[in-house]
Amino acid sequence: MIESLKGKVNSVETLAQLRTEIDQISLEILHLLNKRAEVAKKIGEVKSQAGTTNKFDPVREQQLLLWLVEQNEGPLNDETVIQIFKEIFKVALSIQEQDQENKLLVTRNETTPDTIVQIGEVIFGGETPVMIAGPCAIESEQQVRLVAKELVKQGVHVMRGGAYKPRTSPYDFQGLGLDGLKMFYRIAKEYDLVVVTEIMDELSLQEALPYLDIVQIGTRNMQNFSLLKAAGQQEKPVLLKRGMSATVEEWMYAAEYIMAQGNKQVILCERGIRTYENATRNTLDISAVPLMKQKTHLPIFVDVTHAAGRKDIMLPLAKAAIAAGANGIMIEVHPLPSTALSDAQQQLDFDEFGQFMLNIENVLKQ
Ligand code: PEP
Ligand code: MN
């Protein structure tokens, strides 16, 4: 009886001792892991200085794993060693990548204030959300004038309209080009409206610049790096739409391309991404709004027209966008949508637009 009690006491003591030992070893591993992370960080910095943006080096990882396996004296088996070190490598890589992301111009950090883009009286990225509205494409003088009048009536100060249209088929209406843009700009200025228009290539950017206030880069060109660079080398603000198949990270890097050239006036615009869902034209990724707010200091807009591709859910989508923190909404409006030369099904007519504005007004003012 006494013997078995003694045995119990002994095993409790041994267990306590072993636990102290294992705690100590865990602490040493922790110190070593942190020490390793510090060195990994330094390696990342050296790579960045050398201009290497891709931090992942599979050949080096493979060599290191083989070497560790060679050194392994057990009792851990080789597979376990590989498994553990692969996890450690993953952490080191994410530290290096996070470090790189923290240094980007687009990245939000404690010292960068929110980017505000101001054109005349209109403030993009301020307290009050802004509406950008107008036809899909510029079609005629009469069309532009009717829409401009309607926008003024509804208290909207920013007009959109494509003169260079990126169409899926080369046989579809391609836009009125420079002449159409000149006409759009002239009329919009009569109504004191800010002009947003899409530019598809560097050549048209140069000719179009005097006739626009904001350069729009469309979803299909989000990774047209030479266009991004050219947009970064001029001074007018750029509205950068999200590529329809681009991740949030790729979109951030696209904005970085513009900013790295010197132009810090970038506005982001979520316009829906491609998914398996076909009840809508694209799937509005609402989560991109708070994510981009968190990751960057740039204003973010939501284009509900191209996201939904249908009129009946544009209002709730716009409300959701504002609730998620969007700085404004883009929407297409046409005097007679059924006759529109592009996006005929999804542009609002003036009655629908009036209704939309009536319902969104309170949300914009909050
Ligand atoms: C547009 O806004 O006219 C347009 C073509 O949009 P997206 O690039 O988002 O398709
Ligand atoms: Mn359109």
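Relevant structure appears above.
Residues numbered from 1 in each chain as written. Chains lettered and ligands numbered in written order. Predicted model: local features only at pLDDT ≥ 70, side-chain atom pairs only at ≥ 80, totals over all residues.

A. Structural view of the site of ligand 1. Residues in close proximity to ligand 1 include Cys136, Gly162, Pro166, Glu198, Gly218, Thr219, Lys241, Arg271, Asp303 and His306, which together make up its full environment. The class makeup of the residues in the shell around ligand 1 is two nonpolar, four polar and four charged. (Near = placed C-beta within 6 Å. Nonpolar A, V, L, I, M, F, W, Y, C, P; charged D, E, K, R; others polar.)

B. View of the packing of helix 2 (residues 58-71) against helix 3 (residues 78-102). Axis separation between helix 2 and helix 3 bottoms out at 10 Å; the angle between their running directions is 140°. For the pair helix 2 and helix 3, the sense of crossing is right-handed. Where helix 2 approaches helix 3, its residues Glu61, Leu65, Leu68 and Val69 are matched on the opposing element by Asp78, Val81, Ile82, Phe85 and Phe89. Among the residues making up the contact of helix 2 with helix 3, the classes are represented as seven nonpolar, no polar and two charged. (Axes fitted to C-alpha atoms, helices over the stretch in contact; angles between N-to-C directions. Helix = DSSP H or I, 4+ residues; strand = E, 2+ residues; numbered from the N terminus. Left-handed = near helix turned anticlockwise from the far one by under 90°. Contact = placed C-beta atoms within 7 Å.)

C. Focus on helix 12 (residues 350-365). A rise of 1.5 Å per residue sets the reference length of helix 12, with its 16 residues, at 22 Å; its end C-alpha atoms lie 22 Å apart and thus fit the reference within 8%. Helix geometry: helix 12 is bent most strongly at Asn359, by close to 35°. Taken together, the buried positions of helix 12 are occupied by Phe353, Phe356, Met357 and Ile360. (Expected span 1.5 Å × (residues − 1). Bend = angle between axes of the 7 residues up to and from the residue. Buried ≥ 20, exposed ≤ 12 C-beta atoms within 10 Å, placed from the backbone.)

D. The arrangement of the nonpolar core in detail. Ranked by size, the top nonpolar core spans 82 residues in total, and within it Leu240, Ala255, Leu268, Phe301, Val304 and Ile329 carry the most contacts. The biggest single contributor to this core is helix 8 (residues 248-260), with seven residues. Not counting residues within four places of it along the chain, the set of residues in contact with Leu240 comprises Ile217, Met222, Ala254, Ala255, Ile258, Val266, Leu268 and Cys269. (Core = buried A, V, L, I, M, F, W, Y, C linked by C-beta atoms within 7 Å.)

E. Examining the environment of Gln223 more closely. As for its position among the elements, Gln223 is in the loop between strand 6 (214-217) and helix 7 (225-232). Setting aside chain neighbours within four positions, we find Gln223 in contact with Gly243 and Ala254.

F. A look at helix 5 (residues 177-190). The end-to-end C-alpha distance of helix 5, which contains 14 residues, comes to 20 Å, matching closely the 20 Å that a straight helix rising 1.5 Å per residue would cover. If you check which residues of helix 5 are buried, you get Gly180, Leu181, Phe184, Tyr185, Ile187 and Ala188. Those residues of helix 5 that are buried lie in contact with helix 4 (141-153), strand 4 (158-160), strand 5 (194-198) and helix 6 (202-208). The first or second residue beyond helix 5 is Asp192, which carries a positive phi of 60°.

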